[in-house]
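Fold and geometry: a report
As a plain string of letters, each chain reads:
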Amino acid sequence: MEHAAVNGRPEPQRAQWTYREVADELRARIRSGALRAGQRMPTQAQLADDFGVERSAVRQALRILQSEHLLANVSKGSPATVAENPQSVFRGPGAPPQPTMVGLAPRITAAFRQQDVEIDALCLTSVSLTLAMGEPLRQIHAGRMKPAKVRVRVLMPSRDIDLAFPAPAAALEAEQEAALGGRLRRHWLAQRNAQGQVLKHNLTALRTTHGMDVHVEFRALPFTPPVKLYLLNGNEALFAYYTLSRRGEQLDHERVDVYDATGVQQMLFAFEQGAGLRDTTFVEQSHLWFNSLWNTISTDLTLIGP
C-alpha cells in the first residue's frame, strides 16, 4: 500500500484548524479520490505537523472518519488506511445504515457544496437536523464553501394533536396518565420550538453574513410520524424508523418512565438517485410523499408558545 502525504504535499500550517475541520478536509479528499482506497495515511505525527495541530486533534479527526467507515486500522501504533471502497460507504445499493448523527452530518455537508441547496425533512423534532447543520455552517463561515441559494422545508407534528410518543410507560390512573401526558407534550413542544428556532436563526443569518438567498419554512402534521426522512437536493433520501423503547426521563425534577425514541441514535438508511432502480424509485416516491403531505393536510406551524 502506498504511503503518501495528505495531498501529495504538506498542508500549510493554520492555527485555526480544529479536529472537525481536519476530519472535513480528509473526508473531502477521500470522497474526491485524492486519497485512494487502500492507501496508507501519513502517521498521526505527520498529519499533526501538516495541519499545525496537536496529535489529540488528529486522533479525534481519524476516529470520526473511522466511525463513518472511511478509514480502517486507526490506532496509535500505525498509520490508518483508507477503506477499500469509501465512495460507497453511505450511498448506493447495499450501503450500510449508520446512526443518524454519524451519517446525517456528512451528507448535509456534501449537499451544501452545491450552488442551490434544497433540503426537506420530516421529523418529530429538528434536533438531528440542527446538529447536522453545524458542519456546513462552520465551513461557510470559514470561507470554504458558499452556496448561492438554500431552501429548507421541515414537517413536524402539530401542537394541537395527542402525540403517540413520547407517552407514559407505567400503569397509572386515568387522571394521573392524562396529567403526565400533558407534561410530556409540553416538554416535547418546548424542544420542538427551541430546536426549530435555532435552525431557522442559524440559516437565515446567512443572508446578512454571507449574502445568501435563504428560505426556511415549517409546516405542521396532524399525526405523529413513525419515521424520519431527509431529502437532499432532489438526489438523496435518508430514512430512519423511530424505534421506541422504555426509558427514564427527567421531567420537572421528577424521573418518570416513558415510551420514546432517541432520534439521534436511529439507524439511517441511504438511497441515491441513479444508484439502481430500487434507490431511484425510493427517492422519487419519497419526494412525492413529502410534497403530498406538504401541499394537502399540513398546516402553518408556529415555533412559539406553550
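Here's what I pulled together on the structure shown here. (Residues numbered from 1 in each chain as written. Predicted model: local features only at pLDDT ≥ 70, side-chain atom pairs only at ≥ 80, totals over all residues. Heavy atoms only, no water.)

Tracing the sequence through the fold places glutamine 44 in helix α2 (residues 44-51). Through-space distance from the C-alpha of glutamine 44 to that of leucine 62 is 9.0 Å; in sequence the pair is 18 residues apart. (Helix = DSSP H or I, 4+ residues; strand = E, 2+ residues; numbered from the N terminus.)

Remark on secondary structure: sheet strands pair via backbone hydrogen bonds, oriented parallel or antiparallel. Ordered by their spatial adjacency, 8 strands build an open sheet running β3-β12-β9-β8-β4-β5-β7-β13, and the pairing between neighbours is mixed. Only two strands of the sheet have a single neighbouring strand rather than two, namely β3 (98-99) and β13 (299-300). Taken together, the 4 bridges between strand β4 (residues 116-122) and strand β8 (residues 227-232) define a ladder with antiparallel strand orientation. By the bridge assignment for β8, leucine 122 is matched with leucine 229. Of the strands in this sheet, β5 (149-157) and β7 (213-221) touch helix α7 (residues 174-210), which is tilted by about 165° from β7. (Pairing = 2+ DSSP bridges. Contact = heavy atoms within 4.5 Å. Axes fitted to C-alpha atoms, helices over the stretch in contact; angles between N-to-C directions.)

Looking now at the sheet that holds strand β6 (residues 167-168). Pairing in this open sheet of 3 strands is antiparallel, and the strands run β6-β11-β10 from one edge to the other. Here the strands that pair on one side only, and so sit at the sheet edges, are β6 and β10 (245-251). In this structure, β6 lies alongside strand β11 (residues 254-260), joined through 2 bridges in antiparallel fashion. For alanine 167, the partnering residue across the bridge sits in β11 and is tyrosine 259.

With 12 residues, helix α4 (residues 100-111) should reach 16 Å at 1.5 Å per residue; the first-to-last C-alpha distance of 16 Å fits that figure. Among the 12 residues of α4, 10 are classified as buried, and the element is accordingly described as predominantly covered. Residues of α4 that are buried: Thr100, Gly103, Leu104, Ala105, Pro106, Arg107, Ile108, Thr109, Ala110 and Ala111. (Expected span 1.5 Å × (residues − 1). Buried < 20%, exposed > 50% of the residue type's maximum accessible area, 1.4 Å probe, protein only.)

Before going further, it helps to spend a moment on the packing of aromatic side chains. A ring pair, where both rings are aromatic, is described by two values, the distance of the centres and the angle of the planes. Enumeration over the complete set of coordinates arrives at 6 aromatic pairs. For the ring pair phenylalanine 239 and tyrosine 241, a centre distance of 5.0 Å and an interplane angle of 85° mean the geometry is edge-to-face. Connected via pairs of aromatic rings, a cluster forms that spans Phe239, Tyr241, Phe271 and Phe282. The aromatic ring of tryptophan 294 is capped on one face by arginine 153, whose charged end is 5.0 Å from the ring centroid. A cation over an aromatic ring shows up here: arginine 219 above the ring of tryptophan 294, its NZ or CZ 6.0 Å from the ring centre. (Phe/Tyr/Trp six-rings, centres within 6.5 Å; stacked < 30°, edge-to-face > 60°. Lys NZ or Arg CZ within 6 Å of the ring centre and 35° of its normal.)

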